Amino acid sequence: MSAFRAILAKDLRTELRTLESVPAMALFAATTFVLFRFGLDRTALEGSLAAGVLLATVLFAAILAINRVFVAEREQGGFDVIRLAPVDGTSLFAAKVCVLAIYLLALELIAVPVFAILFAVGAAGLAPLAAVLVLADFGLATVGALVSSIAVNSRARDLIAPLLLLPLLVPVMIAAAGAAEPLLAAGGPAYGEFGQWMAILALYDLVFVAVGYAVYDFLLED
Amino acid sequence: MSFKAPRILPALTVVTLAAGFILVFYFAPNDADQGFIQKIFYLHVPLAVCALVGFMVAAVQAVLHLRSGDPGWDARSYVSIHISVILGVAVLITGSIWARASWGKWFVWDEPTLVSFLIVFLLYCTYYPLRYAIEDRERQARYASVFAITAGAFVPLNFIAVRLAETLVHPRVFATAEGGLTPKMTLTFLVCLVGMALLWQTLVRFELAAKSTRARLGRLRRALEGDEVAAGGSRIAPVPREAPGAG
Amino acid sequence: MNMESALEPSTAAGTHRGPEAVIALTGVRRDYGERPVVSDVSIELAAGQTLTVLGPNGAGKTTVLRILATLLRPSAGGVTVLGARLPREAWKARGRIGYLGHQPLLYRELTVRENLGLNARLHGIERPEARIEELIGRAGLARRGGELVRNLSAGMLQRAAICRALLHEPELLLLDEPRSHLDPAAGVIVDELLGPEPGRSRVLVTHAVEAGLAEADQVLLLRADGIVAHAGPAAALSPGDARAVYGGAVR
């Protein structure tokens, strides 16, 4: 627990000092929204289009953060530091999952209002949308931390990470979009399938946290 | 670690598949709705089932590899995925043919199983770039096992998510033969399924034997050339250079 | 791993393998791809002693050190460090080893104190502030404690790394060229910090042949191809023999 908190604090402190990840993600999201506006030739979005644009943007911004999350560990010997200490490798995994989740939530705090303004999305569905995003972010963060650990020690790591990530994240996108689409519908939010989709997201999060915990020490060896 | 080529298994496979072939064309009745083209079901579905089960088997073999450190399990896991991916290509092709014959389109997003399978296939295709991107053999095997386990956990989740998406958004277009299989069709299907499973196992055994032999050959060649042989290295997974592992 | 069961440890070096042996290597080999980096390394070190590892660049000295640090697993052979059979029992030895490698293992965007604080928490040291201040002071970094690691000179970085290695009062020090980047004054400080102490054993990788031999109880001499030229008491090895291994124009 102490190791988890120490690593988490280290990463957050570093991010606050260098501002490397979150501002880049936010800028990327804003630019992507503009691209979508012209690519789709729409100035107002609702329902499935709104959900798709928002989630695809969050996903690609997440990949930016995921590619970077272990770079300091690799280049400055952080993996050695963890392995030399009498701590479980899973503390590192848990800390990195939380770091990514925090970055994504910070991104969404900026990007969702911008999105709502740019595309005239009704505000009524935004609160339950936040709940959807929280669960989706944990799924993104968990799989992201796992894949990033695999990729960081391979060649062409910036390519391998997205290549592995995108298929793995399809269920998250499906479930998050499924939940978000009725929330952003033109006539106001609907909650018919909300529970089912949230259950899928929660199940996904649980499965991959379990997988991550089970295999992470094997990733740290050697 | 060495793998021998199977003897009885190939013969058994050929017999079962031949029996299945005969049953498909001479025994199973034509489907009322789709007619003759429905018979591709006897090829497509067993291929898909065997590929998916193959992925799960690979995940179990990966767990055994991580727990024991025995490179033999890594070899089995690698080959299981390899053969299942090859079957997966066949699944997608036969699925396309079936879709084209039934609805006139080469791919249908309405059929959740086909879509789920495509996603799973794409995921397992990334297994190869991953292995080739890691140079250290032991680490490569370990990371590949982690991937096989993660992907194995992913497969059921993926099918659940996609199916839910399709049922809630589109009604099931495919009132497939699953609902209305007559006993004759069931028998034919089972024979084909068993035949395909035997085929999968045969291909796996042959590939393991081939890799094992090639590795041993490489080792002997290097010993003949007077190179130092890394005696403990018995891995047959790919490395970026053209250097087979020792058997 | 199946390879471990195939090789039972034997007293290859001939020294008494009593319970005080902090390090015991038997027939250790480590491969890189197809080729061995080091082969058939066998040596023991008793508690409180110093093992000096000598050899030209690429001989595998760093590899041996990293194996002892539990950071690498041997491709073959038996390794026991502080009573723990590696790699299975590596967890027993962690936290009792102080490792100083080529990299300082400090995060560049944190200050010296923050880095040491992080390491303290990872090693489970409660209330580490006093210990951190003591070490920083002894290393001559008292005024630099709040400086970002990114801004330190090479010599200060090396001393900060030494503080990191010593923070948890390890029983075994693994030192890879500890005096690199240090001017003579800093060298004196560091010698005092890293010198032999009761209850502390050391493994020292160095290019300074005479100095290394002078400090050593045991010597591991590696040739350029990773083959062991000498593994045993320092008294049995002359500086001339040691330097011969480095090749070049030796008269």
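These numbers come from a predicted model, not from an experiment.

**Q** Explain the overall build of chain C to me, please; I cannot follow it from the model alone.
**A** Each helix and strand counted, chain C has nine helices and 10 strands in total. For chain C, whose C-alpha radius of gyration is 18 Å, the value lies close to the compact-globule estimate of 18 Å for 251 residues. Structurally, chain C occupies a C-alpha span of about 50 × 45 × 35 Å along its principal axes. Relative to its 251 residues, chain C shows a buried fraction of 48%.

**Q** What am I meant to see in the overall build of chain A here?
**A** Of the regular secondary structure elements, chain A holds 10 helices and zero strands. When the helices and strands of chain A are read in sequence order from the N terminus, they spell out α-α-α-α-α-α-α-α-α-α. The C-alpha atoms of chain A give a radius of gyration of 18 Å, which matches the 17 Å a tight globule of 222 residues would have. Counting the 222 residues in chain A, one finds 51% classified as buried. When contacts within chain A are restricted to residue pairs at least 6 apart in sequence, long-range pairs at least 24 apart make up 83% of them.

**Q** Where do I start with the nonpolar core in this structure?
**A** Across soluble globular proteins, nonpolar side chains show a tendency to be buried alongside one another. Counting 213 residues, the largest nonpolar core has A:Leu100, A:Val147, A:Ala175, A:Ala176, A:Ala180, C:Ala160 and C:Leu174 as its most contacted members. Counting residues per element, this core draws most heavily on helix α6 (residues 137-169) of chain B, which supplies 15 residues. Not counting residues within four places of it along the chain, the set of residues in contact with A:Leu100 comprises A:Ala65, A:Ile66, A:Val69, A:Ala141, A:Gly144 and A:Ala145.

**Q** Please explain the sheet that holds strand β6 (residues 97-100) of chain C as it appears in this structure.
**A** For sheets, the rule is that strands pair by backbone hydrogen bonds, running either parallel or antiparallel. Residue and element names in this part refer to chain C. With respect to topology, six strands assemble into an open sheet ordered β6-β7-β8-β3-β9-β10, the strand pairing being mixed. If you trace the sheet from one side to the other, it starts and ends with β6 and β10 (228-233), each paired once. For this sheet, the mean angle separating the axes of adjacent strands, direction not counted, is 10°. Relative to strand β7 (residues 172-176), β6 runs parallel, the two being bridged by four bridges. Residue pairing in the sheet places Leu100 in a bridge with Leu175 of β7. Packed on one face of the sheet, helix α2 (residues 61-68) meets β3 (50-54), β7, β8 (201-205) and β9 (218-222) and runs near 155° to β8. Helix-sheet contacts for helix α6 (residues 154-166) involve β6 and β7, and the interaxial angle to β6 is about 165°.

**Q** What exactly am I supposed to notice about the packing of helix α6 (residues 89-118) of chain A against helix α7 (residues 126-152) of chain A here?
**A** The description of two helices packed together rests on the angle between their axes and the distance between the axes. All names here are of chain A. α7 packs onto α6 with a crossing angle of 145° between their chain directions and a minimal axis gap of 8 Å. Remark: the crossing between α6 and α7 carries right-handed chirality. In contact with Phe93, Lys96, Val97, Leu100, Ala101, Leu104, Leu105, Glu108, Val112 and Ala116 of α6, α7 contributes Leu126, Leu133, Asp137, Phe138, Leu140, Ala141, Thr142, Gly144 and Ala145. By residue class, the composition of the contact of α6 with α7 is 14 nonpolar, two polar and three charged.

**Q** Is there a simple way to explain the pairing of strand β4 (residues 76-81) of chain C in this structure?
**A** Along any regular strand the residues' side chains alternate between the sheet's two faces. Residues and elements named next belong to chain C. Here strand β1 (residues 21-32) runs beside β4; their pairing, made up of five bridges, is antiparallel. Bridge pairing links Leu25 to Val79 in β4. Bridge count for β4 against strand β5 (residues 84-86) is three bridges, and the pairing is antiparallel. Looking across to β5, one finds that Val81 is bridged to Ala84. With antiparallel pairing between neighbouring strands as the criterion, β4 and β5 make up a hairpin whose turn holds two residues, including Leu82 at a positive phi of roughly 50°.

**Q** Would you mind going over the interface of chain A and chain B with me for this structure?
**A** Accessible area lost during the coming together of the parts is what is often quoted as the interface size. Contact with chain A, which involves 28 residues of that partner, is made by 27 residues of chain B. Those elements that place two or more of their residues in the side of chain A that touches chain B are α7, α8 (157-168), α9 (170-183) and α10 (194-220) of chain A. Broken down by element, the residue count for the side of chain A that touches chain B peaks at nine residues, all from α10(A). Class assignment of the residues belonging to the side of chain A that touches chain B gives a composition of 20 nonpolar, four polar and four charged.

**Q** What's the story with unusual backbone geometry in this structure? I'm lost.
**A** Excluding glycine, residues mostly carry a negative phi; peptide bonds, for their part, are mostly trans. All names here are of chain C. For the bond from Leu86 to Pro87, the omega torsion is -5°, close enough to zero to count as cis. Tracing the sequence through the fold places Pro87 in the loop between β5 and α3 (90-93). The phi dihedral of Leu82 is positive, around 50°, even though this residue is not glycine. As for its position among the elements, Leu82 is in the loop between β4 and β5. Classification of Leu82 as buried rests on a count of 21 C-beta atoms within 10 Å. For Glu177, which is not a glycine, the phi torsion comes out positive at approximately 50°.

**Q** Would you mind showing me how to read the sheet that holds β5(C) here?
**A** Residues and elements named next belong to chain C. What the four strands build is an open sheet, ordered β2-β1-β4-β5; its pairing is antiparallel. Across the chains shown, the open sheet's two edge strands, defined by having one partner strand only, are β2 (35-46) and β5. Strand-to-strand twist of the sheet, defined as the mean angle between neighbouring strand axes without regard to direction, takes the value 20°.

**Q** How should the confidence of the model for chain C be read in this particular structure?
**A** For chain C, the average pLDDT comes to 85, and 90% of its residues sit at 70 or higher. Residue range residues 1-18 of chain C is modelled with pLDDT below 50. Its contacts to residues more than four positions away, or to other chains, number 26 contacts.

**Q** Can you help me understand the environment of A:Gly52 in this one?
**A** When you line up the elements, A:Gly52 lands in helix α3 (residues 47-68). For the pair A:Gly52 and A:Ile82, spaced 30 residues apart in the sequence, the C-alpha separation amounts to 39 Å.

**Q** I would appreciate a short explanation of helix α1 (residues 2-18) of chain A in the present structure.
**A** Along an α-helix, residues three or four apart share an orientation, since each turn contains 3.6 residues. The end-to-end C-alpha distance of α1(A) is 24 Å, a good match for the 24 Å that 17 residues give at a rise of 1.5 Å each. What α1(A) keeps buried is the set A:Ala3, A:Phe4, A:Ala6, A:Ile7, A:Lys10, A:Asp11 and A:Glu15. Where α1(A) is buried, its residues contact α2 (22-40) and α6 of chain A together with α4 (112-122) of chain C.

**Q** Would you explain α10(A) in this entry?
**A** Residue and element names in this part refer to chain A. When the terminal C-alpha atoms of α10 are compared, their 38 Å separation across 27 residues agrees well with the 39 Å that a helix rising 1.5 Å per residue should span. Those residues of α10 that sit buried are Trp197, Ile200, Leu201, Tyr204, Asp205, Phe208, Val209, Val211, Gly212, Val215, Tyr216 and Leu219. Two residues or fewer after α10 comes Asp222, characterised by a positive phi angle close to 60°.

**Q** Even after reading the chapter, I still don't get the pairing of β10(C), so can you show me in this structure?
**A** Residues and elements named next belong to chain C. Note: β9 against β10, five bridges, orientation antiparallel. Looking across to β10, one finds that Val219 is bridged to Gly232. Between the end of β9 and the start of β10, which pair antiparallel, lie five residues, with Gly226 showing a positive phi angle near 85°.

**Q** I tried to follow the packing of α7(A) against α8(A) on my own but got confused; where do I start?
**A** Residues and elements named next belong to chain A. For the pair α7 and α8, the least separation of the axes is 9 Å and the interaxial angle reads 145°. In this structure, the crossing between α7 and α8 has a hand that is right-handed. Two secondary-structure elements touch here, α7 through Val143, Gly144, Val147, Ser148, Ile150, Ala151 and Val152 and α8 through Arg157, Ile160, Ala161, Leu164, Leu165 and Leu168. Here the contact of α7 with α8 is composed, by residue class, of 10 nonpolar, two polar and one charged.

Reading guide: rules and limits
- Residues numbered from 1 in each chain as written.
- Chains lettered and ligands numbered in written order.
- Predicted model: local features only at pLDDT ≥ 70, side-chain atom pairs only at ≥ 80, totals over all residues.
- Helix = DSSP H or I, 4+ residues; strand = E, 2+ residues; numbered from the N terminus.
- Rg over C-alpha atoms; globule rule 2.2 N^0.38 Å.
- Buried ≥ 20, exposed ≤ 12 C-beta atoms within 10 Å, placed from the backbone.
- Contact = placed C-beta atoms within 7 Å.
- Core = buried A, V, L, I, M, F, W, Y, C linked by C-beta atoms within 7 Å.
- Pairing = 2+ DSSP bridges.
- Axes fitted to C-alpha atoms, helices over the stretch in contact; angles between N-to-C directions.
- Left-handed = near helix turned anticlockwise from the far one by under 90°.
- Nonpolar A, V, L, I, M, F, W, Y, C, P; charged D, E, K, R; others polar.
- pLDDT = per-residue confidence, 0-100.
- Expected span 1.5 Å × (residues − 1).

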